[in-house]
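Notes for the structure review
Below, each chain spelled out in residue letters.
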Amino acid sequence: MAVQGVSAADLPWRRWVFAFALVTSLFFTWGFAYGLLDVLNAHFQVVFGITKLQSTLLQLAYFGAYFVWAPFAGAFMRRFGYKRGIHIGLSLYSIGAIFFWPSAKFRAYGGFVGCTFVIGCGLATLEVAANSYIAVLGSPKHAAGRLNFSQGFQGVASFAGPLIASRWFFIGKNATGLATVQWVYLAVAGLGLVLNILFYFCDLPEITEDALTEDLAAKGLDAEKGPFYKQYRCIFGWIAQTGYTGAQVTVASFVVNFLSEEGIGISQSRASTLFSLCQVTFTIGRFVGVVLLRWIDPALMLTFHAFMCSIACICVALLEGWPAVGMLFVLFYFESICYPSIFTLGTKNLGVHTKRGSGLIVMGVGGGAWYPPAQGALADRASTRRSYLVPMTGYLTMLIYAVGLCIDQAMKGGFRFRNVEDEEVVRTAAVAAGSLEPGTIVEQIYAKNQDRDSASGSIKKSGKDEMMEKTV
């Protein structure tokens, strides 16, 4: 069933703003669910009397769902479009959340794990849809900035989860009960239902892969991408995303344990509050990144942040007391731009492979299923602080990918510090090689830009890029 659609360049200004705002609202849903997940990890250790390793079954179910379900979500949206994919995702999200009620009623830890898997399938579908949609909703130059801005609202929801938990999960009789968990997830199910209804009545423009391919050709870029297995930027992006997400998830999973076990007088309730502040730091870093990505090349930014994450993680594992806590905040800050930057760099200019590539990169979120059990096992055998050596491997994987992208860009068009359009790089390379043949698309773009520069003294930005600059 072919889906008729448009490219972002074809959208009127108001319709573009509407689509951007509507899809951005989805980021709040999985940010809230993810923020609660890490706190439930510590809460269930107390309620069910399980070990740290056993408690990571929640992460295994949640992020394992991404690994299993994301490719199917990408294939579904390739055939039926983004909007139907969003409906499927929100439905699964609400179904999983509503069944937290009977799981709490019968105190069934296995039930919570199963419900978490269903929620993970729903959120995997939403991530494939929303991340991909925001990435292609405008110029590739500002894709990383757009996605970081949208995912900033995920960060807002992520610190709301631990903040609620510190007030309701760990105080009084709630510290050993599940009644509050029932009501919180009932509200989560209601949120998913409301969003599903809103999307049903909203006219969401469909951006198709064929339209994206035509847009690439119009800009003088390579629209013939070849088979999917040769999209190495995307495939290695999946590996980097697997390592990074695994590291991010396992770092967050043991924050409450880490803070309360450092011997500096931090209770579990206060540790949950500090975890919220870590998420605030993460969110601030993401919005700061939106501003910096206006000027700095995304691959270069990712390289610096990956390096700082690696250093901060080592310091958390080796230092003690408040210095280790301080480095934990540094780690959360530099994690901020990594996920959306890997996604946009890995899916950039994929043309007909955009939705399949998006599914593969989101599949990398499955790394969150494998890292927490490894860190939990080390935490049980050694200490929570020493177990923070495990996520360092994920940050190093991301660092290798980012450095590789910088080298690849330097070999093809020179070293980039400034964030530029790909067609500008093509034009510059063609001018340097003296290969601007009359009548070619590259020559037409060059002549058009020359006329525009001489007439106005500057290149006029499109309405969508002006929106990004106003936003940041």
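Here is a short report on the structure shown in this document. Bear in mind the structure is a predicted one, so any value in this text is a computation, not a measurement. (Residues numbered from 1 in each chain as written. Predicted model: local features only at pLDDT ≥ 70, side-chain atom pairs only at ≥ 80, totals over all residues. Heavy atoms only, no water.)

Check the secondary structure of the protein and you find 21 helices and zero strands. Sorting the 472 residues of the protein into buried and exposed places 57% on the buried side. The long-range share in the protein, meaning contacts at least 24 apart out of those at least 6 apart in sequence, stands at 83%. Working note: accessible area of the protein is about 18,600 Å², and carbon and sulfur atoms make up 66% of it. (Helix = DSSP H or I, 4+ residues; strand = E, 2+ residues; numbered from the N terminus. Buried < 20%, exposed > 50% of the residue type's maximum accessible area, 1.4 Å probe, protein only. Contact = heavy atoms within 4.5 Å. Areas by Shrake-Rupley, 256 points an atom, 1.4 Å probe, with all protein chains shown as cover.)

Time to look at unusual backbone geometry. The phi dihedral of R107 falls on the positive side, at around 50 degrees, and the residue is not glycine. With respect to the element layout, R107 can be found in the loop between α5 (100-105) and α6 (109-136). Its relative accessible area of 43% is what places R107 among the partly exposed residues.

As enumerated under the stated definition, the model contains three salt bridges in all. Residue R385 pairs with E262 through a salt bridge whose shortest N-O separation is 3.6 Å. Of this pair, R385 sits in the loop between α17 (367-381) and α18 (392-413) while E262 sits in the loop between α11 (255-260) and α12 (268-292); the two residues are 123 residues apart in sequence, bridging distant segments of the chain. Of the two residues, R385 and E262, both sit in the buried class. Salt bridges sharing common partners tie together E262, E320 and R385. (Salt bridge = Lys/Arg side-chain N within 4 Å of Asp/Glu carboxyl O.)

Before going further, it helps to examine the packing of aromatic side chains. Under the criterion given, the structure shown has 27 aromatic pairs. A centroid spacing of 5.3 Å and a plane angle of 75 degrees characterise the contact between F44 and F48, whose relative ring orientation is edge-to-face. Of this pair, F44 and F48 both sit in helix α1 (residues 13-48), four residues apart, which is roughly one turn of that helix. Residue F44 is classed as buried on the basis of its relative accessible area, which comes to 0%. The interplanar angle of 80 degrees and the centroid separation of 5.8 Å between the aromatic rings of F67 and W370 together place this pair among those described as edge-to-face. Highlighted residues: F67 in helix α3 (residues 57-80) and W370 in helix α17, separated in sequence by 303 residues. (Phe/Tyr/Trp six-rings, centres within 6.5 Å; stacked < 30°, edge-to-face > 60°.)

What follows covers empty space enclosed by the protein. For the coordinates displayed, the defined rule picks out four cavities of 30 Å³ or more. As a volume, the largest cavity reaches approximately 150 Å³. Lining the largest cavity are 15 residues, with Y34, E127, Q154, Q248 and Y339 sitting closest to its centre. Of all the elements in the fold, those that place two or more residues in the lining of the largest cavity are α1, α3, α7 (143-168), α10 (232-253) and α12. In terms of residue class, the lining of the largest cavity is made up of nine nonpolar, four polar and two charged. The calculated volume of the second largest cavity comes to roughly 70 Å³. What lines the second largest cavity is simply Y34, Q154, G155, S158, Q248, A252, Q279, F282, R286, F332 and E335. Contributions of two or more residues to the lining of the second largest cavity are made by α7, α10, α12 and α14 (321-335). Of the residues contributing to the lining of the second largest cavity, the split by class is four nonpolar, five polar and two charged. (1 Å grid on protein atoms, 1.4 Å probe; cavity = no way out; pocket = protein on both sides within 12 Å on 5 of 7 lines; lining within 4 Å. Points joined across faces, edges and corners; volume = space filled by probe spheres on them. Nonpolar A, V, L, I, M, F, W, Y, C, P; charged D, E, K, R; others polar.)

Buried together is how nonpolar side chains tend to be arranged in soluble globular proteins. Y185 and L328 are the most contacted members of the largest nonpolar core, which totals 123 residues. With 17 residues, α1 is the largest single contributor of residues to this core. Not counting chain neighbours up to four residues away, the residues in contact with Y185 comprise A33, L36, L37, L40, A97, F100 and I119. (Core = buried A, V, L, I, M, F, W, Y, C linked by side-chain atoms within 4.5 Å.)

Below, the discussion takes up the packing of α12 against α14. At a minimum axis separation of 7 Å, α12 and α14 run at an interaxial angle of 40 degrees. Here α14 runs oblique to α12, going by the angle between their axes. As α12 runs across α14, the sense of the crossing is right-handed. Side by side, α12 and α14 meet where R270, L274, F275, L277, C278, Q279, T281, F282, G285 and V288 of the first sit next to W322, L328, F329, F332, Y333 and E335 of the second. Split into classes, the residues belonging to the contact of α12 with α14 amount to eleven nonpolar, three polar and two charged. (Axes fitted to C-alpha atoms, helices over the stretch in contact; angles between N-to-C directions. Parallel < 35°, antiparallel > 145°, perpendicular 65-115°, else oblique. Left-handed = near helix turned anticlockwise from the far one by under 90°.)

Turning to its location among the elements, L292 is positioned in helix α12. With a relative accessible area of 33%, L292 lands in the partly exposed category. The spacing of L292 and G145 is 147 residues in sequence and 8.5 Å in space, taken between C-alpha atoms.

Before going further, it helps to examine the environment of P372. By the secondary structure assignment, P372 is in helix α17. In this structure, the C-alpha to C-alpha distance between P372 and L57, residues 315 residues apart in sequence, is 8.7 Å. Once you skip the residues sitting within four places of it in the chain, P372 turns out to touch T56, Q59, V249, T250, S253 and F254.

As a further point, take the side chain of Q154. Mapped onto the elements, Q154 comes out in helix α7. Overall, Q154 belongs to the buried group, its relative accessible area being 13%.

The values reported here are purely geometric and, on their own, carry no functional implication.
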